[in-house]
Amino acid sequence: MSELKRRDAIKGMLVGGAALAVGGLSAEDAESVTSNIPQNAEAAQASRAFRGQHQPKPLPFDPAKLRGISEKLIRSHHENNYTGAVKALNGVEQRLDAMMKDKDLPAYVYGDLKREELVRTGSMILHEYYFANLGGEGKPGGAVLDLIKQWFGSYEQWEAEFKRTANALGGGSGWVIFAYNSYTGEAHNYWAWDHMHNAPMSRPLLALDMYEHAYHMDYGAAAGKYVDAFMQNVKWEEVSRRAEEALRK
Ligand SMILES: [Fe+2]
């Protein structure tokens, strides 16, 4: 392995280690990860899977208008954790392409970065679902309410299970994902320990971020208060739109 490739491999492993330690790269960290990677001309020649051209989506609501979740927290979450994940994913994809050109690279070194590809992809997608299902009035209705009643008996019974699942993740990390599973045809509140954890074939309808970065600034360790505040801001119109789309396919 050339010295340059060896440094690439080591840097790739460091990326994985840092992510494990902090549960997500900040935008600043992601910037350092993406420095010295193949840029536009070279990246444009890579296969589509390795181009690393994902663009962060802007916040789809006015962060000053949420109830019980501060603008400062939402902006920090969006700019650092979410945007950091998108930038890191771009860096990971482009670095995978560079590493594949090294025939002597050990598979276990490559595997560390493949794990990061899955972490960052899950983080990007789930955060986009999370922000898009916020900014509403917290009043359930439409097709998703019918689905909830069908699988949980009532909205109250569904909410009790959703919140208990969320509170079980308090003080740690993870997601609660109310999802329609297109394989089983069932709707469930799924517990997810991290960005990679999900039931295969489940389509998220409502995503709740339970990483401490999603609430600690406002509520400290009182995760339950954050869960209550989240419920007041759910944009059920978007959740119902997702349910209609999932049920059509
Ligand atoms: Fe997050």
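In this text, all values refer to a predicted model and were calculated from it rather than measured experimentally. (Residues numbered from 1 in each chain as written. Predicted model: local features only at pLDDT ≥ 70, side-chain atom pairs only at ≥ 80, totals over all residues. Heavy atoms only, no water.)

Visitor: I tried to follow the environment of Tyr82 on my own but got confused; where do I start?
Guide: By the secondary structure assignment, Tyr82 is in helix H4 (residues 71-100). For Tyr82, a relative accessible area of 1% translates into the label buried. Along the sequence, Tyr82 and Arg120 sit 38 residues apart, while their C-alpha atoms lie 9.3 Å from each other. Excluding residues that lie within four positions of it along the chain, Tyr82 makes contacts with Gln55, Pro56, Lys57, His77, Met124, His127, Glu128 and Phe131. Looking at Tyr82, its side chain comes within polar contact range of the side chain of Glu128, at 2.5 Å. (Helix = DSSP H or I, 4+ residues; strand = E, 2+ residues; numbered from the N terminus. Buried < 20%, exposed > 50% of the residue type's maximum accessible area, 1.4 Å probe, protein only. Contact = heavy atoms within 4.5 Å. Polar contact = N/O pair within 3.5 Å; in protein donor to acceptor, adjacent residues only side chain to side chain.)

Visitor: Help me understand the packing of H4 against helix H5 (residues 107-132), please; the structure alone is not making it clear to me.
Guide: If you want to describe how two helices pack, look at the angle between their axes and the distance between the axes. In the contact formed by H4 and H5, the axes pass within 9 Å of each other and the chain directions differ by 145°. Of the two possible hands of crossing, H4 and H5 adopt the one that is left-handed. A per-class count over the contact of H4 with H5 returns 15 nonpolar, 6 polar and 6 charged. (Axes fitted to C-alpha atoms, helices over the stretch in contact; angles between N-to-C directions. Left-handed = near helix turned anticlockwise from the far one by under 90°. Nonpolar A, V, L, I, M, F, W, Y, C, P; charged D, E, K, R; others polar.)

Visitor: Just checking my understanding: could you explain the packing of helix H7 (residues 155-168) against helix H9 (residues 223-232) for this structure?
Guide: Where H7 contacts H9, the two axes come as close as 10 Å, and the packing angle between them is 140°. The angle between H7 and H9 falls in the class oblique. Considering how the two elements wind past one another, H7 and H9 form a crossing that is right-handed. Contacts between H7 and H9 involve Tyr155, Trp158, Glu159, Phe162, Lys163, Ala166 and Asn167 from the first element and Ala223, Gly224, Val227, Asp228, Phe230 and Met231 from the second. For the contact of H7 with H9, the per-class residue count stands at 8 nonpolar, 2 polar and 3 charged. (Parallel < 35°, antiparallel > 145°, perpendicular 65-115°, else oblique.)

Visitor: For this particular structure, what's the right way to read the packing of aromatic side chains?
Guide: Where two aromatic rings form a pair, the distance of their centres and the angle of their planes describe that pair. Evaluated as defined, the whole model comprises 12 aromatic pairs. Both rings, one in Tyr82 and one in Phe131, keep their centres 6.0 Å apart while their planes meet at 65°; by these two values the pair is edge-to-face. Here Tyr82 is found in helix H4, whereas its partner Phe131 is found in helix H5, with 49 residues between them in sequence. Each member of the pair, Tyr82 as well as Phe131, carries the same accessibility label: buried. Taking the centre distance of 4.9 Å and the plane angle of 25° together, the rings of Trp158 and Phe162 count as stacked. Here Phe162 and Trp158 lie together in helix H7, a separation of 4 residues that amounts to about one turn. Considered together, Trp158 and Phe162 belong to a single accessibility category, that of buried residues. Each member of the aromatic cluster is reached from another via a ring pair, and the members are Phe152, Tyr155, Trp158, Phe162, Phe178 and Trp236. (Phe/Tyr/Trp six-rings, centres within 6.5 Å; stacked < 30°, edge-to-face > 60°.)

Visitor: Mind showing me how you'd approach the pairing of strand E1 (residues 175-181) here?
Guide: The buried count for E1 comes to 7 of 7 residues, which makes it a mostly enclosed element. The two faces of E1 match: Trp175, Ile177, Ala179 and Asn181 on one face and Val176, Phe178 and Tyr180 on the other face are all buried. Bridge analysis of E1 against strand E2 (residues 186-192) gives 7 bridges, and the strand direction is antiparallel. Across the sheet, residue Trp175 finds its bridge partner in E2, namely Ala192. (Pairing = 2+ DSSP bridges.)

Visitor: What am I meant to see in the coordination of the iron ion here?
Guide: In ideal tetrahedral geometry, four donors around a metal make angles of 109.5 degrees, whereas ideal octahedral geometry with six donors gives angles of 90 or 180 degrees. Around the iron ion, the protein supplies His77 (NE2), His127 (NE2), Asp209 (OD) and His213 (NE2) as donor atoms, at distances of 1.9 to 2.2 Å. In this structure, the iron ion is coordinated by 4 donor atoms arranged in irregular fashion, with angles at the metal of 89 to 137°. When the donors of the iron ion are listed by position in the chain, the intervening gaps give H-x49-H-x81-D-x3-H. Within this pair, whereas His77 is found in helix H4, its partner His127 is found in helix H5, the two being separated by 50 residues in sequence. The exposure classification of His77 matches that of His127, with both residues buried. (Donors = N, O, S within 2.8 Å, 3.2 Å for Na, K, Ca; no water. Tetrahedral: all angles 85-135°; square planar, octahedral: opposite > 155°, others 65-115°.)

Purely geometric numbers; function is a separate question.
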